[in-house]
Amino acid sequence: MNTTINPFYTIRKQWPKATAQSENDAPVFVKLPRAPRNASPVPHLTSLYHFDGTGRYGDRSYPGNCDGGLIKDLLTFFKPALIADPMTGGGTCSDVCEDLGIPCMSWDIHSGFDACDTAGFGAETFNLIWVHPPYWRQKLYTADARDLSRARTLDDFLRRYGQFVRNCAKALKPDGKLAVLMGDYIDRDNGFIPLTYHTKRLAFAAGLSQCCTDIIRFSHGASSSKNVYRSSFIPGLHDVCMVFAKSASEE
């Protein structure tokens, strides 16, 4: 009866059934919006940043290390004369600067430098500061109690993170840029933590202004993508690069 009413029924019954596992594992290709032409020295640098290679900058074994392509594009766009990376981690930024021939000063908590110290780290010295800070305690980086990833509470993290942003603002030359790569995440005790929101709030409070669009960086190669969770949630597949500027005039 069914085959008489619907001659395609029999054919449909023979189609293979897709499994949830095959759907999750299959690559997905998305057509991105076309970017308008402009005079940018980096025309492929838009609000959506995609690079799925491992890259050749920094120590890839360092937890949370990001590809240096985004840093390279930002430096090519803004053309800073002197860079600072006060949370150098795997050394990605310094590797990019060496490749581009741009002077870079980098420090890290591993070498005893606390970028969140109230003493700061300079005054009107740098044209651009790049930082990829811890996403609070999503990943633990050192046993040092001063490490941002070791902050006991979110309030403690935001207090020290706010001091760090103020240190950066003070260390920038007029019209200098602060580029921050940050991501939100779901904390085991505190629920969803909107760290990109807090970054903007703290930057504005430090007297900085946002100078370009958010850059949404697709998180290719994230360790969490290989995990299986029993809970139900909407996975985050990106982090956000925000670029802030110090006023060109103290007035």
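Residues numbered from 1 in each chain as written. Predicted model: local features only at pLDDT ≥ 70, side-chain atom pairs only at ≥ 80, totals over all residues. Heavy atoms only, no water.

**Brief notes about the pattern of salt bridges**
Piece 1. Enumeration according to the criterion identifies 10 salt bridges in this entry.
Piece 2. One salt bridge in this structure joins R160 and D114, with 2.9 Å as the shortest N-O distance. In this pair, R160 is assigned in helix α6 (residues 154-171) and D114 in the loop between β3 (104-106) and β4 (126-131), connecting sequence segments 46 residues apart.
Piece 3. Overall, R160 belongs to the buried group, its relative accessible area being 16%.
Piece 4. Put simply, K246 and E124 hold a salt bridge, and the shortest N to O gap is 3.8 Å. Separated by 122 residues along the polypeptide, K246 in the segment after β10 (238-245) and E124 in the loop between β3 and β4 bring together distant segments of the chain.
Piece 5. Exposure remark for K246: the relative accessible area of 14% places this residue in the buried category.
Piece 6. Within this structure, R137, D187, R188 and D189 form a network of salt bridges that share partners. (Salt bridge = Lys/Arg side-chain N within 4 Å of Asp/Glu carboxyl O. Helix = DSSP H or I, 4+ residues; strand = E, 2+ residues; numbered from the N terminus. Buried < 20%, exposed > 50% of the residue type's maximum accessible area, 1.4 Å probe, protein only.)

**Here we look at the pairing of β10**
Piece 1. Counting buried residues in β10 gives 7 out of 8 residues, a clear majority hidden from the surface.
Piece 2. Summarising the sheet, strand β5 (residues 172-182) and β10 pair through 6 bridges and their orientation is antiparallel. Bridge pairing in β10 places L181 opposite C241.
Piece 3. Sheet topology note: the strand β8 (residues 209-210)/β10 ladder contains 2 bridges and is antiparallel. Residue pairing across strands places S209 opposite A245, the latter belonging to β10.
Piece 4. As paired strands, strand β9 (residues 215-218) and β10 are joined by 4 bridges and run antiparallel to one another. Its bridge partner lying in β10, F218 is registered against H238. (Pairing = 2+ DSSP bridges.)

**Some thoughts on the nonpolar core**
Generally speaking, a soluble globular protein has its nonpolar side chains buried in company with each other.
Piece 1. Core analysis: the largest hydrophobic core is formed by 56 residues, its most contacted members being L74, I129, W130, F157, Y161, F164 and L178.
Piece 2. Elements that contribute at least two residues to this core include exactly α4 (69-78), β2 (83-85), α5 (92-100), β4, α6, β5, α7 (195-205) and β10.
Piece 3. Element by element, the count of residues in this core is highest for α6, at 9 residues.
Piece 4. Excluding residues within four positions of it along the chain, F164 makes contact with P86, M87, A115, C116, F121 and V131. (Core = buried A, V, L, I, M, F, W, Y, C linked by side-chain atoms within 4.5 Å. Contact = heavy atoms within 4.5 Å.)

**Notes on a nonpolar patch on the surface**
Piece 1. Taken together, the side chains of I186, F192, Y229 and F233 present a nonpolar region at the surface, about 420 Å² in accessible area.
Piece 2. By secondary structure assignment, the location of F233 is in the loop between β9 and β10. (Patch = residues over 30% accessible without salt bridge, like charges linked within 9 Å, V, L, I, M, F, W, Y side chains within 5 Å. Areas by Shrake-Rupley, 256 points an atom, 1.4 Å probe, with all protein chains shown as cover.)

**Things to note about the packing of aromatic side chains**
Piece 1. This structure, assessed with the given rule, holds 9 aromatic pairs.
Piece 2. A ring pair is formed by W107 and F113, whose centres lie 4.9 Å apart and whose planes are at 35 degrees; its orientation type is tilted.
Piece 3. Ring centres of W107 and F126 lie 6.1 Å apart, and the angle between their planes is 70 degrees; this geometry places the pair in the edge-to-face category. With W107 in the loop between β3 and β4 and F126 in strand β4, this residue pair connects regions lying 19 residues apart in the sequence.
Piece 4. In this structure, R137 packs its charged tip against the face of W136, placed 4.2 Å from the ring centre. (Phe/Tyr/Trp six-rings, centres within 6.5 Å; stacked < 30°, edge-to-face > 60°. Lys NZ or Arg CZ within 6 Å of the ring centre and 35° of its normal.)

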